[in-house]
Amino acid sequence: MCIRDSVKVDQDQIIIKGAEHTLKEVATVKALVDVSNIVDPQVGVTTLEDVQLVAYDSEGQVVDVEMVPNKVKATISIVSPSKEVPVKVIPKGNVVFGKAISSITADVTNVTVYGDENVINELQFIPIEVDVTNLDSDKEYNVIINKPSGVTSISTTSAVVSVTLGDEVTKEIPDVYIETTNLDSNYKAVAIGENSSKTSVIVKGTQEVLDGIDADTIKATVNLSGYSEGDYEVEVVVTGDD
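Residues numbered from 1 in each chain as written. Predicted model: local features only at pLDDT ≥ 70, side-chain atom pairs only at ≥ 80, totals over all residues. Heavy atoms only, no water.

(A) Representation of the overall build of the chain in the model. When you go through the chain residue by residue, the secondary structure sums to three helices and 17 strands. Here the C-alpha atoms of the chain give a radius of gyration of 31 Å, more than 25% beyond the 18 Å that 2.2 N^0.38 yields for 242 residues. For the chain, the spread of C-alpha atoms along the principal axes amounts to about 100 × 55 × 20 Å. Across the 242 residues in the chain, those meeting the buried criterion constitute 26%. Within the chain, residue pairs in contact and separated by at least 24 positions form 72% of the contacts whose partners lie at least 6 positions apart. Entry remark: accessible area of the chain is about 16100 Å², with carbon and sulfur atoms responsible for 44%. Of note, the chain has its 18 positive side-chain charges centred 5 Å away from the centre of its 40 negative side-chain charges. (Helix = DSSP H or I, 4+ residues; strand = E, 2+ residues; numbered from the N terminus. Rg over C-alpha atoms; globule rule 2.2 N^0.38 Å. Buried < 20%, exposed > 50% of the residue type's maximum accessible area, 1.4 Å probe, protein only. Contact = heavy atoms within 4.5 Å. Areas by Shrake-Rupley, 256 points an atom, 1.4 Å probe, with all protein chains shown as cover. Lys, Arg positive; Asp, Glu negative; His and termini not counted. Charge placed at Lys NZ, Arg CZ, Asp CG, Glu CD.)

Spelled out as structure tokens, the structure:
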């Protein structure tokens, strides 16, 4: 939601004409700015031409007088709730066999978003998706930063993403403990056997990336929403740090 911050007009004095008793009634002259005339208002400065002037008495009633000029140009400053958030580069697809992403960075690290306060307060990051399907060498991408739903404006609309590749290797991470989520508070989950409380995870990437990965950077969870008393086999979801 955009908010009008200030309005300035290009005239600070005008001439009013009329009968003497009518002129004495004039207490103020106002420029009637109809913000509905602003098409797709964006954060920044907007100019409206031919804004009508209206004279009023001390009671707020319109006074019929001639004014020179009778219209002005208004400059409107529009602001909006804003928040600075990081950008997050998300690769889509798989690079060629035998290769892995060594690094993926953007020349933009943070952007300022404007829009509905409830929407932007929920934003944790702005995603930038890059299609790396069958990529076989280092590459730079010129990408558009899309506005999430509910965001009216964004400080930066494009970025350069650099992707570097290296040889793919494999590493096994043992003893990753499995955590439970969304279990009804009336129940307690217990793994059947020690082997069901932890798992081994195989990760692939460049040697440099895998050297920084251990059991503490891997998270394994089972979603127990809707489960009640009984024995179950459930899917383990594995995630890791970026």
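(B) Region of interest: the sheet that holds strand 15 (residues 198–205). Pairing within the open sheet is mixed, and its four strands lie in the order 15-14-16-17. Taken across any chain shown, the strands that pair with only one partner, and hence form the sheet edges, are strand 15 and strand 17 (237–240). On average, adjacent strands in this sheet sit at an angle of 40 degrees to one another, irrespective of strand direction. Here strand 14 (residues 169–181) runs beside strand 15; their pairing, made up of seven bridges, is antiparallel. The partner of valine 169 across the bridge, within strand 15, is glycine 205. (Pairing = 2+ DSSP bridges. Axes fitted to C-alpha atoms, helices over the stretch in contact; angles between N-to-C directions.)

(C) Seen up close, the environment of threonine 206. Inspection of the secondary structure puts threonine 206 in the loop between strand 15 and helix 3 (207–210). Relative accessible area serves as the criterion here: at 5%, threonine 206 is assigned to the buried category. Along the backbone, threonine 206 and lysine 171 are 35 residues apart, and their C-alpha atoms lie at a distance of 9.9 Å.

(D) Fine view of the packing of aromatic side chains. For the structure on display, the rule yields one aromatic pair. Ring centres of tyrosine 227 and tyrosine 232 lie 4.7 Å apart, and the angle between their planes is 75 degrees; this geometry places the pair in the edge-to-face category. Relative accessible area serves as the criterion here: at 28%, tyrosine 227 is assigned to the partly exposed category. Here lysine 30 stacks its cationic end above the ring of tyrosine 56, 5.5 Å away from the centre of that ring. Above the plane of the ring of phenylalanine 125 lies lysine 88, whose end atom (NZ or CZ) is 4.8 Å from the centre. (Phe/Tyr/Trp six-rings, centres within 6.5 Å; stacked < 30°, edge-to-face > 60°. Lys NZ or Arg CZ within 6 Å of the ring centre and 35° of its normal.)

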